[in-house]
Amino acid sequence: MKRLILSLFVVLLGATSAMGQGYTADWVVKSSNELLYKVSERGNVIRMELPKKDGGVMPMLMFGKDSLCLLMSETKTYAVFTGEKMRGKTREMLGFELESISNTTEREFRGEEVISGVSCQHYFVKQRDASKVTVGDASWGGEGGYNYDVWVSEKMRHPVQKYNHVDARMEVMTGVRFTPMSAENFIVPKGWKRASMDGMLDGLHNMMKGK
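Note that this is a predicted model, so its numbers are computed, not measured.

Conventions adopted
- Residues numbered from 1 in each chain as written.
- Predicted model: local features only at pLDDT ≥ 70, side-chain atom pairs only at ≥ 80, totals over all residues.
- Heavy atoms only, no water.
- Helix = DSSP H or I, 4+ residues; strand = E, 2+ residues; numbered from the N terminus.
- Buried < 20%, exposed > 50% of the residue type's maximum accessible area, 1.4 Å probe, protein only.
- Pairing = 2+ DSSP bridges.
- Core = buried A, V, L, I, M, F, W, Y, C linked by side-chain atoms within 4.5 Å.
- Contact = heavy atoms within 4.5 Å.
- Phe/Tyr/Trp six-rings, centres within 6.5 Å; stacked < 30°, edge-to-face > 60°.
- Lys NZ or Arg CZ within 6 Å of the ring centre and 35° of its normal.
- Polar contact = N/O pair within 3.5 Å; in protein donor to acceptor, adjacent residues only side chain to side chain.
- Salt bridge = Lys/Arg side-chain N within 4 Å of Asp/Glu carboxyl O.

Tallying secondary structure elements over the chain gives three helices and 13 strands in all. Put simply, the chain has 211 residues, and 36% of those count as buried.

Structure representation (structure tokens):
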């Protein structure tokens, strides 16, 4: 789940009318057709519905480039996680500090293709980073990165297809359907209370340190 949420940030609104043109699709593993989540988009808001083991779904809303809102229907609460917390120069993660030194991205255009009926531009992307880890009085640095191919469309903010070179896995949109979308699916329901994302992360932090 942690990996999927982080990837949603990599993947990269507010319309005023009751209905607006958008699309809906499934985001799946191409080789097995395993459903990772359902995705829809309206204006500049992306809605993702992640399947849960109990048969339900966990909805998420992504506003702009790096603001993620988790909707928790069981408690009628929501939590917002912004890129500011992710980009913080130094942040505490499960008992250690991670300092980002540099982060670069290179994109190489590979051509145009039609994926799931959508005209796309294919790019090969290289991401490289350098960071420093501190645990107690000890610190050390390291460099890393990964490569991936991505197929994007001017009609969508969400990629249409992505190939991860690390685990050799292709993920793709299927069943793409362009249709008017209700604004209600792209906002936090009225009456829901905002939960503290910091509190949620602190709870995870303490649980992992306890283990």
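Alright, that's what it looks like, and here's the rest.
A separate point is the pairing of strand β6 (residues 77-82). In regular strands, side chains alternate between the two faces of the sheet. The buried fraction of β6 amounts to five of the six residues, a majority that puts the element mostly inside the structure. Where strand β5 (residues 67-72) hands over to β6, the hairpin turn is made up of four residues, of which K76 adopts a positive phi near 50°. The pairing of β6 with strand β13 (residues 193-194) spans two bridges and is classified as parallel. Bridged to Y78 within β13 is R194.

This part covers the nonpolar core. In this structure, Y37, V39, M48, M60, V160 and M173 are the most contacted members of the largest nonpolar core, which totals 24 residues. Looking at this core, the elements that each hand over two or more residues are β1 (19-29), β2 (35-42), β3 (45-51), β4 (57-63), β5, β9 (118-135) and β12 (169-182). Looking at this core element by element, the count peaks at five residues for β1. What M173 contacts, discounting residues up to four positions off in sequence, is Y23, A25, D26, W27, V39, S116, M156, H158, P159 and V160. One finds V45, L61, C69 and V80 within the second-largest nonpolar core, a separate group that totals nine residues.

For strand β10 (residues 138-152) and strand β11 (residues 161-164), the ladder comprises four bridges, and the chain directions are antiparallel. Paired with D149 across the two strands is Y163, which belongs to β11. With four bridges joining them, β11 and β12 adopt antiparallel strand pairing. Bridge pairing in β12 places Y163 opposite M170. As consecutive antiparallel partners, β11 and β12 are separated by four residues, and within that stretch A168 has a phi angle of approximately 50°, a positive value.

Right, let's get into the packing of aromatic side chains. Tallied over the entire structure, the rule returns four aromatic pairs. Here K155 stacks its cationic end above the ring of F178, 5.3 Å away from the centre of that ring. In this structure, K162 is placed above the aromatic ring of Y148, and the distance from its NZ or CZ to the ring centre is 4.4 Å.

Another aspect to go through is the side chain of Q127. If you trace the backbone, Q127 turns up in strand β9. With relative accessibility at 16%, the residue Q127 sits in the buried group. Polar side-chain contacts of Q127 include one of 2.8 Å to the side chain of Y146. The residues contacting Q127, other than those within four sequence positions of it, are T104, T105, G144, G145, Y146 and Y148.

This part covers unusual backbone geometry. Despite not being glycine, N33 has its phi angle at roughly 65°, a positive value. Inspection of the secondary structure assignment puts N33 in the loop between β1 and β2. Phi is positive for S116, close to 50°, though the residue is something other than glycine. Within the element layout of this structure, S116 appears in the loop between β8 (96-115) and β9.

Before going further, it helps to spend a moment on the pattern of salt bridges. As enumerated under the stated definition, the model contains five salt bridges in all. With a closest N to O distance of 3.0 Å, D26 and K38 form a salt bridge. Here the residue D26 occupies a position in strand β1, and K38 occupies one in strand β2, the gap between them amounting to 12 residues. One salt bridge connects E108 with R110, and the closest N-O pair in it is separated by 3.1 Å. The class for E108 is partly exposed, based on a relative accessible area of 42%.

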